Amino acid sequence: MNIPSNLKYTASHEWVKVGDDGLLWIGITDAAQDMLGDLVFVGDFKVGATLKAGETAGVVESVKAASDVYAPVDGEIVAFNDSLGSEPQQLNSAPYDAWIFKMKTKASVDGLLDAKAYEANVAASK
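The structure presented is a predicted model; accordingly, all values stated were derived computationally and were not measured.

With that settled, the discussion passes to the overall build of the protein chain. When you go through the protein chain residue by residue, the secondary structure sums to four helices and nine strands. In sequence order, the protein chain lays out its α and β elements as β-β-β-α-β-β-β-β-β-α-α-β-α. Taking 14 Å as the expected radius of gyration for a compact globule of 126 residues, we find that the protein chain reaches 13 Å, a close match to that expectation. Seen through its C-alpha atoms, the protein chain measures out along the principal axes to roughly 35 × 35 × 25 Å. In the protein chain, the share of contacts with a sequence separation of at least 24, taken over all contacts with a separation of at least 6, comes to 59%. With an accessible surface of roughly 6,400 Å², the protein chain has 48% of that area assigned to carbon and sulfur atoms. Computing the positive centroid from 10 side-chain charges and the negative centroid from 18, the protein chain places the two 5 Å apart.

Structure follows, in structure tokens:
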């Protein structure tokens, strides 16, 4: 299982990167895409929506199931990766390269899981 050490994680399988632009870049983890299988849809992310941590930001759907994607912290969705609309399989082939949405926030990511804690979370859920 691939868990890059330079990212933060949520128990609900989102990864979070603080971008050079000061925004949070958010995607789903390798473990999440593996559990879901081949992704066929990514959407319902509303640019301009203000969310609380843990609220649904959008959805990913696979041949197996649909799954909500959650806001890791309080903030505003400021971008959606439009290329995922026509190529959702990017999340299967390179889950840490294909961000789903970006958030503007004043919240800290320090309370999110580091790679070691996320790995323990995944192991405990199996």
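Once that is clear, we can look at the sheet that holds strand β1 (residues 8–9). Hydrogen bonding along the main chain pairs the strands of a sheet, whether they run parallel or antiparallel. Reading across the sheet, the six strands line up as β1-β2-β3-β9-β8-β5 and stay open at both edges, with antiparallel pairing between neighbours. Where the open sheet ends on each side, the last strands, each with one partner, are β1 and β5 (50–51). In the sheet, strand β8 (residues 75–80) pairs with strand β9 (residues 101–104) via four bridges, with the strands oriented antiparallel. Pairing of alanine 79 across the sheet is with lysine 102, part of β9.

Another point: a nonpolar patch on the surface. Residues Val40, Phe41 and Val63 make up a contiguous nonpolar surface patch of about 270 Å² in total accessible area. Secondary-structure assignment places phenylalanine 41 in strand β4 (residues 39–43). Phenylalanine 41 gets classed as partly exposed once you look at its relative accessible area, which sits at 32%.

Quick look at the environment of aspartate 110 now. By the element assignment, aspartate 110 lies in the loop between β9 and α4 (115–124). Taking the relative accessible area as the measure of exposure, aspartate 110 reaches 61% and is therefore exposed. Once the C-alpha coordinates of aspartate 110 and glycine 22 are considered, the two residues, 88 residues apart in sequence, prove to be 15 Å apart.

Let's shift gears to the pairing of strand β7 (residues 66–70). Examined bridge by bridge, strand β6 (residues 56–62) and β7 share five bridges and lie antiparallel to one another. When the bridges of β7 are listed, valine 59 appears paired with aspartate 68.

With the rule as written, the count across this model stands at five aromatic pairs. Note on tyrosine 9 and tyrosine 118: the rings are 4.8 Å apart at their centroids and 15° apart in plane angle, and the pair reads as stacked. Note that tyrosine 9 is positioned in strand β1 and tyrosine 118 in helix α4, a separation of 109 residues in sequence. Both residues of the pair, tyrosine 9 and tyrosine 118, count as buried. Of note, lysine 17 hangs over the ring of tryptophan 25, and the distance from its end group to the ring centre comes to 4.8 Å. Against the face of tryptophan 99 rests lysine 102, its NZ or CZ located 4.7 Å from the ring centre.

Reading the values: rules and limits
- Residues numbered from 1 in each chain as written.
- Predicted model: local features only at pLDDT ≥ 70, side-chain atom pairs only at ≥ 80, totals over all residues.
- Heavy atoms only, no water.
- Helix = DSSP H or I, 4+ residues; strand = E, 2+ residues; numbered from the N terminus.
- Rg over C-alpha atoms; globule rule 2.2 N^0.38 Å.
- Contact = heavy atoms within 4.5 Å.
- Areas by Shrake-Rupley, 256 points an atom, 1.4 Å probe, with all protein chains shown as cover.
- Lys, Arg positive; Asp, Glu negative; His and termini not counted.
- Charge placed at Lys NZ, Arg CZ, Asp CG, Glu CD.
- Pairing = 2+ DSSP bridges.
- Patch = residues over 30% accessible without salt bridge, like charges linked within 9 Å, V, L, I, M, F, W, Y side chains within 5 Å.
- Salt bridge = Lys/Arg side-chain N within 4 Å of Asp/Glu carboxyl O.
- Buried < 20%, exposed > 50% of the residue type's maximum accessible area, 1.4 Å probe, protein only.
- Phe/Tyr/Trp six-rings, centres within 6.5 Å; stacked < 30°, edge-to-face > 60°.
- Lys NZ or Arg CZ within 6 Å of the ring centre and 35° of its normal.

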